[in-house]
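Next come the chains, spelled out residue by residue.
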Amino acid sequence: MGGFPKGLLEAPDGRRIIERVIDEAERALPAASIRLIGEHPAYGFLGLPQIADDPPGIGPLGGFLAALSAARDSAVQRLVILSCDLPYVGGPLIRRLAEFAPEAPAVAPVDAAARGGGEARWQPFFGHYRVEPSLVAASALHASGRRSLQGLFANLEDAVELPLGDEERAQLRDWDSPLDRQS
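These figures come from a predicted structure and were not determined experimentally. (Residues numbered from 1 in each chain as written. Predicted model: local features only at pLDDT ≥ 70, side-chain atom pairs only at ≥ 80, totals over all residues. Heavy atoms only, no water.)

### Points about the pattern of salt bridges
Following the criterion strictly, the structure yields eight salt bridges and no others. Residue Arg 15 is joined to Asp 13 by a salt bridge in which the shortest nitrogen-to-oxygen separation is 2.6 Å. Exposure remark for Arg 15: the relative accessible area of 24% places this residue in the partly exposed category. The closest approach of N and O atoms between Arg 16 and Glu 19, which form a salt bridge, is 3.5 Å. On the basis of relative accessible area, Glu 19 is assigned to the partly exposed category, the value being 24%. (Salt bridge = Lys/Arg side-chain N within 4 Å of Asp/Glu carboxyl O. Buried < 20%, exposed > 50% of the residue type's maximum accessible area, 1.4 Å probe, protein only.)

### Description of helix H4 (residues 131-143)
An α-helix turns once per 3.6 residues; consequently, residues spaced three or four apart project the same way. With 13 residues, H4 should reach 18 Å at 1.5 Å per residue; the first-to-last C-alpha distance of 18 Å fits that figure. Taken residue by residue, H4 has Val 131, Ser 134, Leu 135, Ala 137, Ala 138 and Leu 141 as its buried positions. Seen from one end, H4 has its buried residues packed into an arc of 165°, which puts them on one side. Projecting away from the buried face of H4 at angles above 90 degrees are the exposed residues Val 136 and Ala 143. Each element contacted by the buried residues of H4 is listed here: helix H2 (60-73), strand E3 (78-82), strand E5 (126-130) and helix H5 (150-155). Following H4 by one or two positions, Gly 145 adopts a phi angle in the positive range, close to 90°. (Helix = DSSP H or I, 4+ residues; strand = E, 2+ residues; numbered from the N terminus. Expected span 1.5 Å × (residues − 1). Arc of directions from axis to C-beta. Contact = heavy atoms within 4.5 Å.)

### Quick notes on the pairing of E3
Of the two faces of E3, the one holding Leu 79 and Ile 81 is buried and the one holding Arg 78, Val 80 and Leu 82 is not buried anywhere. With five bridges connecting them, E3 and E5 associate as antiparallel partners. In the strand pairing of E5, Val 80 is matched with His 128. (Pairing = 2+ DSSP bridges.)

### Side note on the packing of aromatic side chains
Under the defined criterion, the tally for this structure stands at four aromatic pairs. Ring geometry for Tyr 88 against Trp 175: centres 6.0 Å apart, planes inclined by 85°, an arrangement best described as edge-to-face. Separated by 87 residues along the polypeptide, Tyr 88 in the loop between E3 and helix H3 (91-99) and Trp 175 in the segment after helix H6 (166-171) bring together distant segments of the chain. By relative accessible area, Tyr 88 is classed as partly exposed at 26%. Looking at Trp 175, the relative accessible area reads 1%, which means it is buried. Ring geometry for Trp 122 versus Phe 153: centroids 4.5 Å apart, planes at 5°, classification stacked. Here the residue Trp 122 occupies a position in the loop between strand E4 (106-108) and E5, and Phe 153 occupies one in helix H5, the gap between them amounting to 31 residues. There is no split in this pair, since Trp 122 and Phe 153 are both buried. Aromatic ring contacts, followed pair by pair, group Phe 64, Trp 122, Tyr 129 and Phe 153 into a single cluster. Between the NZ or CZ atom of Arg 16 and the centre of the ring of Phe 45, over which it lies, the distance is 4.5 Å. (Phe/Tyr/Trp six-rings, centres within 6.5 Å; stacked < 30°, edge-to-face > 60°. Lys NZ or Arg CZ within 6 Å of the ring centre and 35° of its normal.)

Written out as structure tokens, the structure reads:
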């Protein structure tokens, strides 16, 4: 995207994707406290707290660790993480994610492309996490020198797949470039 924040792309309904995701999350989880993972001045207009990657420079794992650490420091026991590039996600699916298998250390969908016999690809940025076990697993992943959040799910042996119907799976189609709007 050449440095342009994906969440600022215009969703099909005319809102910015990030505004749409926030609105849907607030409807689904009205008691939740919303934070942005990663610091980017382009999102300042939202007026939401931003959590800097910690450690910085290690990709998505740095943001994931920072979010889990901030949740632990605030005595939050469960955390829902949503990507800012989901222009179709709806509140009912977010609510189902948050309520599904609350005893599991992590809940997330598995990419449908992996179902043809390939390796399962968890979707960590549409996930529900118990903070303590997830923080232990993410810290172990970081200590090992690995960075892929797929390794997080290997460290969380009791992670649960969120089953999705075709319509729900379509809600998780993300946009990685302005060209994705045309598909």
